[in-house]
Amino acid sequence: MGHLTARDAYKSLEDRINWFTQGAPPSDTLYKILQVLYTEKEAKWAALLPVRPFTLKKAAKIWGTTEAKAEKLLDRLCEKALLVDSNYHGQRQFVMPPPMAGFIEFALMRTRGDIDQKYLSNLYYQYMNVEEDFIKDLFFATETRLGRVFVQEPVLAGSKTNHILDYERATHIVEEAEYIGLGTCYCRHKMYHAGHPCEIDAPWDVCLTFDNVARSLAEHGGYARLISKEEAKDALERSYDGNLVQIGENVREHPAFICNCCGCCCEALQAARRFSPMQPVATTNYLPKVSLTQCIGCGKCKTVCPILAISMEAQEHGKKQPVIDEEICLGCGVCARNCPTGAIQLARRPVQIITPVNSTHRFVLQAIEKGTLQNLIFDNQAFANHRAMAAVFGTILKLPPLKQAMSSRQFQSIYLDKLLSMQKKRSAH
């Protein structure tokens, strides 16, 4: 009976995780992962928590316990990086992070002795690198991507910097952040324990988190170390030198993270290789262009390309020169940075890549595209006067008409239909 009870607790947690727009397909491997990360009691209680941010009072009510007891468990979940807390207008709030970028990664962002990180890494490898359901769902289930690539700023020298927008600069994200956290690269840590160490020996201490996520991870359990803006820029420079690709949350304002990724360890870049020509992340607004008169055919660009988008092909004169597959190119600029003759320059793409404004905007777009918008709206009896629901509706009203219609159909809300009708009348005047 005890075994069945435990199984039920973790199954309920699986179901709760899959209320996220970004979920985690159930499997025996996922069950084992959750057993490592959560005790049975923690799984049972976490399965009852809302998707949207909630207060201590709310958690105590859901769990049917005192606020003192609820706070102890919430603090424990924060210490294990299974919850992130924040201060909203003087009131402490909590939210369960999604699987990625979230609690899956947080577990390996520092060395810790309370769990078997080698065993967990092997489970992660099985779940993400052998079984493919999670990766396909994470990167390809929606048109709006979870992550986006930042262009390597040192490559855009001179006049070209006039054409790069603020949100396209990793340094701008650093400058705007209130808190910046530095942690261990989850991907390289995982692959090391799984017996597949980084092929380019890239640095591990370059995982950047920002604002509330950084503060919470630093204050609870030391999963990140709060650093200065200068230290963050140094991490970027070390990453540029290591030919790493900057991938951050796919939003224009206050992304929660920027990872510095290698093609051999990063799940996103591995997915770009395995599932080409599908793109797992949003590209930059740049494409590399090769000057064949300057190119000496050394092939270094092909060697350093993190997603194998460059081939060396013989030209009419018999000399091999790079050919870039623009359909899959990330526009990261690693090839241009490594060209010894400056034969590769970055140019703006002819069609601008659209980036969601903020996390709420991204959540709503992905929920509409995945058909799970009702989970965001009606989670845990959240009604229209709730500020989180108001934020979701506010975002929907700013979407194109087609997306608005899709969202309306998904949960058949009379209230939303009225809002959209009012919006159309205002637009007509």
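Note that the structure is predicted; figures quoted are calculated from it, not measured.

Calculation notes
Residues numbered from 1 in each chain as written. Predicted model: local features only at pLDDT ≥ 70, side-chain atom pairs only at ≥ 80, totals over all residues. Heavy atoms only, no water. Buried < 20%, exposed > 50% of the residue type's maximum accessible area, 1.4 Å probe, protein only. Helix = DSSP H or I, 4+ residues; strand = E, 2+ residues; numbered from the N terminus. Salt bridge = Lys/Arg side-chain N within 4 Å of Asp/Glu carboxyl O. Pairing = 2+ DSSP bridges. Contact = heavy atoms within 4.5 Å. Axes fitted to C-alpha atoms, helices over the stretch in contact; angles between N-to-C directions. Polar contact = N/O pair within 3.5 Å; in protein donor to acceptor, adjacent residues only side chain to side chain. Phe/Tyr/Trp six-rings, centres within 6.5 Å; stacked < 30°, edge-to-face > 60°. Lys NZ or Arg CZ within 6 Å of the ring centre and 35° of its normal. Parallel < 35°, antiparallel > 145°, perpendicular 65-115°, else oblique. Nonpolar A, V, L, I, M, F, W, Y, C, P; charged D, E, K, R; others polar.

1. Description of helix 6 (residues 99-106)
Here's step 1: The buried fraction of helix 6 amounts to seven of the eight residues, a majority that puts the element mostly inside the structure.
Here's step 2: When we look at burial in helix 6, the residues that qualify are Pro-99, Met-100, Gly-102, Phe-103, Ile-104, Glu-105 and Phe-106.

2. A closer look at the pattern of salt bridges
Oppositely charged side chains can form a pair if their charged atoms are brought close together.
Here's step 1: Evaluation of the coordinates by the stated rule reveals 22 salt bridges.
Here's step 2: Measuring nitrogen to oxygen at the nearest pair gives 2.8 Å for the salt bridge that ties Asp-114 to Arg-112.
Here's step 3: A relative accessible area of 7% means that Arg-112 is categorised as buried.
Here's step 4: Between Glu-326 and Lys-289 there is a salt bridge; the shortest N-O distance is 2.8 Å. Taken together, the residues Glu-326 in the loop between strand 12 (320-324) and helix 15 (334-338) and Lys-289 in strand 10 (residues 286-290) connect sequence positions 37 residues apart.
Here's step 5: A cluster of three or more residues bridged by salt bridges with shared partners is formed by Glu-71, Asp-75, Asp-85, Arg-92, Arg-215 and Glu-219.

3. Things to note about the sheet that holds strand 2 (residues 84-88)
Here's step 1: Judged by pairing direction, the sheet is antiparallel, and its three strands sit side by side in the order 1-3-2 without closing on themselves. If you trace the sheet from one side to the other, it starts and ends with strand 1 (54-55) and strand 2, each paired once.
Here's step 2: Where strand 1 lies against strand 3 (residues 91-95), two bridges are found, and the strand directions are antiparallel. Looking across to strand 3, one finds that Phe-54 is bridged to Phe-94.
Here's step 3: Where helix 5 (residues 67-79) meets the sheet, it contacts strand 1, strand 2 and strand 3, and its direction lies at approximately 60 degrees from that of strand 3.

4. Description of the side chain of Thr-55
Here's step 1: Structurally, the position occupied by Thr-55 is in strand 1.
Here's step 2: You can call Thr-55 buried: its relative accessible area is 16%.
Here's step 3: Among the polar contacts listed, one links the side chain of Thr-55 to the backbone nitrogen of Lys-58, at a separation of 3.1 Å.
Here's step 4: Setting aside residues no more than four positions away along its own chain, Thr-55 makes contact with Gln-91, Arg-92, Gln-93 and Phe-94.

5. As for the packing of aromatic side chains
Here's step 1: Following the criterion strictly, the structure yields eight aromatic pairs and no others.
Here's step 2: Ring geometry for Phe-54 versus Phe-94: centroids 5.9 Å apart, planes at 25 degrees, classification stacked. A residue pair is termed long-range when its members are at least 10 positions apart, and Phe-54 in strand 1 and Phe-94 in strand 3 qualify at 40 residues. Comparing Phe-54 with Phe-94 shows no difference in burial state: the two are buried.
Here's step 3: Relative to Trp-204, the ring of Tyr-192 has its centre 5.5 Å away and its plane inclined at 70 degrees; by these criteria the two rings are edge-to-face. With a gap of 12 residues between them, Tyr-192 in helix 10 (residues 186-193) and Trp-204 in the loop between helix 10 and strand 6 (207-210) connect regions that are remote in the sequence.
Here's step 4: Classification of Tyr-192 by relative accessible area gives partly exposed; the value is 49%.
Here's step 5: The class of Trp-204 is partly exposed, set by a relative accessible area of 31%.
Here's step 6: In this structure, Lys-41 packs its charged tip against the face of Trp-45, placed 5.3 Å from the ring centre.

6. Notes on the side chain of Gln-270
Here's step 1: Position of Gln-270 among the secondary structure elements: in helix 13 (residues 267-274).
Here's step 2: The buried category is assigned to Gln-270, whose relative accessible area is 17%.
Here's step 3: In terms of polar contacts, Gln-270 uses its side chain to reach the backbone carbonyl oxygen of Cys-264, at 3.5 Å.
Here's step 4: In contact with Gln-270, other than residues within four places in its own chain, are Gly-263 and Cys-264.

7. What to know about the packing of helix 7 (residues 117-130) against helix 10
Here's step 1: Where helix 7 contacts helix 10, the axes come no closer than 8 Å and their chain directions differ by 105 degrees. As the angle between them shows, helix 7 and helix 10 are arranged roughly perpendicular. Judged by residue contacts, Gln-117, Lys-118, Ser-121, Asn-122, Tyr-124, Tyr-125, Met-128 and Asn-129 of helix 7 engage Tyr-186, His-189, Lys-190, Met-191 and His-193 from helix 10.
Here's step 2: Its residues assigned to classes, the contact of helix 7 with helix 10 comprises five nonpolar, six polar and two charged.

8. So, the environment of Arg-16
Here's step 1: Position of Arg-16 among the secondary structure elements: in helix 1 (residues 2-17).
Here's step 2: Since its relative accessible area comes to 4%, Arg-16 is described here as buried.
Here's step 3: Expressed as a C-alpha distance, the spacing of Arg-16 and Ala-46, which sit 30 residues apart in the sequence, is 8.1 Å.
Here's step 4: Arg-16 has contacts with Ala-46, Ala-47, Leu-49, Pro-50, Val-51 and Met-96, leaving out every residue within four places of it along the chain.

9. Some points on unusual backbone geometry
Here's step 1: The amide bond that connects Met-100 to the next residue, Ala-101, takes the cis arrangement and shows omega of -20 degrees.
Here's step 2: Secondary-structure assignment places Ala-101 in helix 6.
Here's step 3: Cis geometry marks the peptide bond from Ser-276 to Pro-277, where omega comes out at 10 degrees.
Here's step 4: Relative to the assigned elements, Pro-277 resides in the loop between helix 13 and strand 10.

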